[in-house]
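Chain residues, written in single-letter form:
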Amino acid sequence: MELTTEQFIHDFELTLNEQQQTILSTATPSELFVALAHTIRQYYTPLWIERNKKLQENKDKIAYYFSVEFLPGRMLETNLLNLGILDVVKEGFAQLGIDFTQVKQAEHDMALGNGGLGRLAAAFMDSLATTGYAGFGNGLRYKYGLFKQRIVNGYQVELPDAWFGSIGNVWETRKDHDIVDVRFFGNVYMTDAGNGKLKPVYSDAQVLRAVPYDVPQLGYGNGVVNNLRLWDVEIPEEYELSYPTIEDRRRVEDITAVLYPDDSSDEGKKLRLMQEYFMTSAGLQTIVKSYLKLGLPLERIYEKVSVHINDTHPAVAPAEFMRILIDEYGLEWDDAWNATQKVMSYTNHTILSEALEKWHTGLFAHVLPRVYQIIVEIDNRYAAQMSAQGVDYETIENTRIVRNNQVHMAHLAIIGGHSVNGVAQIHTELLKEDTLRDFYKVSPEKFNNKTNGIVQRRWTQIAAPGLSKTIDKWIGQGWRSDIHELRKLNEYVDNSQAQADFWEVKQLAKQRLADYIEQTTGVHVTTDAIFDVQVKRLHAYKRQLLNVMHIIKLYWDIKDNPEGEFTPRVFIFGAKAAPGYHFAKSIIKIINELANLINNDEQIGDKLKVVFLENYRVSLAELIIPAANVSEQISLASKEASGTSNMKFMMTGAVTMATLDGANIEIKDEVGDDNIVIFGMTKDDVYNHYATRDYYSRGIYDNDPVIHRVVNTFVDGTIPNCQREGSEIFDALITYNDEYFLLQDFTSYVEAQEHLTQLYADRARWMHMSMTNIANSDKFTSDDTIRQYAQEIWNLSLPSHGKHRI
Ligand code: GPK
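Residues numbered from 1 in each chain as written. Predicted model: local features only at pLDDT ≥ 70, side-chain atom pairs only at ≥ 80, totals over all residues.

## A word on the overall build of the chain
Alright, step 1. Helix and strand content of the chain: 31 helices and 25 strands.
Alright, step 2. Radius of gyration (C-alpha) of the chain: 27 Å, near the 28 Å computed for a compact globule of 806 residues.
Alright, step 3. Judged by the C-alpha coordinates and their principal axes, the chain covers about 90 × 70 × 55 Å.
Alright, step 4. The proportion of buried residues among the 806 residues of the chain is 49%.
Alright, step 5. Contacts in the chain between residues at least 24 apart in sequence constitute 75% of all its contacts with a sequence separation of at least 6. (Helix = DSSP H or I, 4+ residues; strand = E, 2+ residues; numbered from the N terminus. Rg over C-alpha atoms; globule rule 2.2 N^0.38 Å. Buried ≥ 20, exposed ≤ 12 C-beta atoms within 10 Å, placed from the backbone. Contact = placed C-beta atoms within 7 Å.)

## Some points on the site of the ligand
Alright, step 1. In the vicinity of the ligand, 17 residues are found, and the nearest of them are G116, L117, H349, T350 and S642.
Alright, step 2. Grouping the amino acids of the shell around the ligand by side-chain chemistry returns five nonpolar, ten polar and two charged.
Alright, step 3. Counting only domains with at least three residues in the shell around the ligand, you end up with domain 2 (62–74 + 114–357 + 408–452 + 788–793) and domain 3 (461–680 + 756–778). (Near = placed C-beta within 6 Å. Nonpolar A, V, L, I, M, F, W, Y, C, P; charged D, E, K, R; others polar. Domains from an automatic or database assignment.)

## Points about the confidence of the model for the chain
As a general rule, the predicted coordinates of low-pLDDT regions are not to be interpreted in detail.
Alright, step 1. Summing up the model confidence of the chain, the mean pLDDT is 96 and the portion of residues at 70 or higher is 99%.
Alright, step 2. Here the complex is predicted with pTM 0.98, and the ipTM for its interfaces comes to 0.98. (pLDDT = per-residue confidence, 0-100.)

## Considering the UniProt feature "modified residue: N6-(pyridoxal phosphate)lysine" (unreviewed entry) in the chain
Alright, step 1. In the UniProt entry, the feature "modified residue: N6-(pyridoxal phosphate)lysine" (unreviewed entry) is given for K648.
Alright, step 2. Once you skip the residues sitting within four places of it in the chain, K648 turns out to touch I454, W459 and I625. (UniProt positions renumbered as here; feature names shortened; annotations may be inferred.)

## Some details on the packing of helix α6 (residues 116–131) against helix α31 (residues 782–793)
Two numbers describe a pair of packed helices, the interaxial angle and the distance between the axes.
Alright, step 1. Interhelical geometry of α6 versus α31 gives an angle of 80° and a closest axis separation of 8 Å. Taken together, the axes of α6 and α31 lie roughly perpendicular to each other. On α31, the residues touching A123, F124, S127, L128, T130 and T131 of α6 are S782, D783, I786 and R787.
Alright, step 2. Of the residues in the contact of α6 with α31, the class split is four nonpolar, four polar and two charged. (Axes fitted to C-alpha atoms, helices over the stretch in contact; angles between N-to-C directions. Parallel < 35°, antiparallel > 145°, perpendicular 65-115°, else oblique.)

## As for the nonpolar core
Generally speaking, a soluble globular protein has its nonpolar side chains buried in company with each other.
Alright, step 1. Residues F278, I375, I591 and I624 are the most contacted members of the largest nonpolar core, which totals 235 residues.
Alright, step 2. The dominant element in this core, judged by the number of residues it contributes, is helix α2 (residues 29–57), at eleven residues.
Alright, step 3. When sequence neighbours within four positions are dropped, the list of residues in contact with F278 reads V182, A210, W231, V233 and I255. (Core = buried A, V, L, I, M, F, W, Y, C linked by C-beta atoms within 7 Å.)

## So, α6
Alright, step 1. Taking 1.5 Å of rise per residue, 16 residues should cover 22 Å, and α6 covers 22 Å from first to last C-alpha, within 8% of that figure.
Alright, step 2. Residue G132 follows α6 closely and has a positive phi angle near 95°. (Expected span 1.5 Å × (residues − 1).)

## Focus: unusual backbone geometry
Alright, step 1. If you check the backbone angles, D204 has positive phi at about 60° while not being a glycine.
Alright, step 2. As for its position among the elements, D204 is in the loop between β10 (198–203) and β11 (206–218).
Alright, step 3. In this structure, S638 is a non-glycine residue whose phi angle is positive, near 100°.
Alright, step 4. Within the secondary structure, S638 is located in the loop between β23 (630–633) and α23 (645–651).

## Describing the environment of K648
Alright, step 1. Tracing the chain through its elements places K648 in helix α23.
Alright, step 2. Residue classification places K648 among the buried residues on the basis of 29 C-beta atoms within 10 Å.
Alright, step 3. In sequence terms K648 and A383 are 265 residues apart; their C-alpha atoms lie 44 Å from each other.

## What to know about the sheet that holds strand β15 (residues 358–360)
Strand pairing in a sheet relies on backbone hydrogen bonds. The paired strands run either parallel or antiparallel.
Alright, step 1. Spatially, three strands are ordered β15-β17-β16 in an open sheet, and the strand pairing comes out antiparallel. Both outer strands of the open sheet, β15 and β16 (402–403), are each paired with one neighbouring strand and no more.
Alright, step 2. Bridge count between β16 and strand β17 (residues 406–408): two bridges; the pairing is antiparallel. Bridged to R403 within β17 is Q406. (Pairing = 2+ DSSP bridges.)

## Thoughts on the sheet that holds strand β22 (residues 608–612)
Alright, step 1. The strand order across the open sheet built from six strands is β22-β21-β20-β23-β24-β25, with neighbouring strands paired in parallel fashion. Unpaired on one side and paired on the other, β22 and β25 (677–678) mark the two borders of the sheet.

## Considering the packing of helix α1 (residues 5–20) against helix α4 (residues 86–96)
Alright, step 1. Where α1 meets α4, the closest approach of the two axes is 9 Å, and the angle between their N-to-C directions is 70°. Comparing their axes, α4 and α1 come out roughly perpendicular. As for how α1 packs across α4, the hand of that crossing is right-handed. Each of T5, F8, I9 and F12 in α1 lies in contact with α4, whose residues at this interface are V88, V89, E91, G92, Q95 and L96.
Alright, step 2. Partitioned by chemical class, the residues of the contact of α1 with α4 number six nonpolar, three polar and one charged. (Left-handed = near helix turned anticlockwise from the far one by under 90°.)

## Some words on the pairing of strand β9 (residues 187–192)
Alright, step 1. Bridge count between β9 and β10: six bridges; the pairing is antiparallel. When the bridges of β10 are listed, N187 appears paired with S203.
Alright, step 2. In sequence, β9 turns back onto β10 through a hairpin of five residues, with G194 there showing a positive phi of about 95°.

## A short note on helix α28 (residues 723–735)
Alright, step 1. Listed in full, the buried residues belonging to α28 are E725, G726, E728, I729, A732 and L733. Buried residues of α28, viewed axially, fall in a sector of 160°; they line one side. The exposed residues of α28 that point more than 90 degrees off its buried face are Q723, R724 and T735.
Alright, step 2. Count one or two residues on from α28 and you reach N737, which has phi positive near 60°. (Arc of directions from axis to C-beta.)

## Some words on the domain arrangement of the chain
Alright, step 1. Domain assignment breaks the chain into domain 1 (1–57 + 77–108), domain 2 (62–74 + 114–357 + 408–452 + 788–793) and domain 3 (461–680 + 756–778).
Alright, step 2. In this structure, domain 2 and domain 3 have C-alpha centres spaced 35 Å apart.
Alright, step 3. Counting residues per element, the ones that place at least two in the side of domain 2 that touches domain 3 are β2 (70–73), α6, β5 (148–152), β6 (155–159) and α15 (425–435).
Alright, step 4. In terms of residue class, the side of domain 2 that touches domain 3 is made up of eleven nonpolar, 16 polar and six charged.

## What about the environment of F780?
Alright, step 1. Its place among the elements puts F780 in the loop between α30 (763–775) and α31.
Alright, step 2. Taking the C-alpha atoms as reference points, F780 and I454, separated by 326 residues in sequence, lie 6.2 Å from one another.

## Things to note about the environment of L759
Alright, step 1. Checked against the element boundaries, L759 lands in helix α29 (residues 742–761).
Alright, step 2. Among the residues examined, L759 registers 17 C-beta atoms within 10 Å and is labelled partly exposed.
Alright, step 3. With 35 residues separating them in the primary sequence, L759 and R724 have C-alpha atoms 38 Å apart.
Alright, step 4. Every residue in contact with L759, bar those within four places of it in the chain, is listed here: R765, W766 and M769.

## Looking at the pairing of strand β24 (residues 655–658)
Alright, step 1. Burial along β24 is two-sided: the face carrying V655 and M657 and the face carrying T656 and A658 are both buried.
Alright, step 2. Here β23 pairs with β24 via four bridges, running parallel. By the bridge assignment for β24, V630 is matched with V655.
Alright, step 3. With respect to chirality, the unit in which β23 leads through α23 into the neighbouring parallel β24 is right-handed.
Alright, step 4. Here two bridges tie β24 to β25, and the two strands are oriented parallel to one another. Considered in β25, the bridge of M657 is made with V677.
Alright, step 5. The handedness of the β24 to β25 crossover, carried by helix α24 (residues 664–671), is right-handed. (Right-handed = clockwise from strand over helix to strand, strands pointing away.)

Below, the structure written as structure tokens:
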């Protein structure tokens, strides 16, 4: 939009005075932030209203992305950038003498997600608006997002993330007119509806109110505003008498209280199921209602509506959609089923079986009695149909929804939809040949790949403004709106002046991070060192422990030869462990104790530093990622479905140290073998070991003196204060035969790291690699990923009112 600095200053001051009843000289950063957010709301609100009006008038098809996680982080800068007024606002603030950075930091991260899956959902919201597609999000309005992590005595401590704080969510708007009711529990039986059909009668059901809060999703430079709808729970007035005590009310409020409540107890499990059904039912009910306003026949709803099931959490959607179409609107089963399959599609994000949700039939039928009946009917019809088609008994049994007293949610999502996709090429192949192979046998046409992507604007223009200016200097600004222009940089990867510029800007980013490290941990690090970073959820398969083993090896190298040549390294970790994931927490403790040991050893000095940054989150990622020289992507081949931070590191000029897993393989394809460092087993090697069961980690431990020494370091008292954790790790590696093959990959990892050190020593060679990574990272824009979803899965066209610049 067109906005002069003067106009902005005027609007901003007026908002500050009228809405906050404050003046500049006394306003806190938080008050300034709220005033700024309200100023921006005034700018986009007319666009939002117009967008909804046009979509309705033109009867455009809309895709709804159902996800229990959305992880946008801070929205302020994204909204400003996408409206095209980031520079104007910064300039205005400079004139007013306000520190923009301080104000932006007053916004609490919107952390309604755990990691990659939630961040991807948020990226898709941005990209849907940016590409102009009508794609709306549907999720939950948790009071508490992902826990806040503190490190105390080296241990992870979890604190509630009270992200609403005192200012709430400044971007949301409550939408009373779309309130719906959601039913749980009770009994249900069928009775004659009088028109030859049956209708369900409920008794003793609990009725809860679903209240939508809409959060606008602004497109980059195109005036498009899409909607992310988050549902909150309330007690309907007419049922208030049923909840006489505060505890009664709290049990209801729990449904939207916390992201992922502990599901290790039965009570926790029930709550989780209620959350999932709550947002799915509320979302689908309003979707059907707004479709019907178009005046089109319900059995053809698939022409105007797509519903995407992000992972198995909203996978009750096909059954709930059937319930709505049949019970509430009287459709025949076959028409409803035809519509449902055409509307629904599903993304799988992992081959780890624990993430494919299953519910005990007893619990499911208790919480959702009518939906359970429908699921059983879907399942019986499915089995009969497969059998009629001549599919063998075993395949049918393996793909059924209800089996061994469990409801298999992934199976419901696949059977009830028309599309299943994995999130990187290798992951989709694994789904076809292993995890979902029986489904691939019966419905190969449903399977397709959609490699993940990232919002390039956040990781360059917002997180790395210095880098962005350097890119501008060499190839102009075109890449900011057409990321594929980044490829022009390939021409300059060997230009010594360009190399010097890109080196310089990386050094500045490293210095910013070094300052933060010093402030928050007290550890001094030098930017002369290689910044080697592993940031992601803490999980055994991601193998942070392999990184730790390499650090221990380096520690011994220096201790053995203190005067030897050594390229200094700073190892930086950021990772949250699931509260109930004991082993992951032990690794956090080990990293912190190892860091203490190394950082306080004078003989080691600046040669080696280890830093664990607490509370890793999107806003911290924006500081860390642009400062990295090395991106650690070292999962056991086959286990990391895709990874997305790998793409962010690539785009900001880090060199990837990787196994051939997830999207690392596609990064390698883009940059070529010489501009990435690959090590370790391939997925076929891993599967061969599974088939032959020939892996024996103790054999490696006994025969390799380096590995022997590194593994012993966990238990021989070298690292103080972690005897228990050290022996857990020893047991995992040796006694329990090293499930993730760390010992097998260790030697090749060490060699790869040595190779990388040599590459770094040759600055021209290193900068060639770094810049080649930036230049070819356009492949991973989520704008293109979402275009593929829109065209190939959802069958969307660009809305007829089109893309207009503002
Ligand atoms: C996968 F199954 C899950 C999950 O529960 N949470 C989650 O963040 C991640 N993921 C994968 O682990 C990543 O490889 C992938 O890039 C990301 O989802 C997005 O697809």
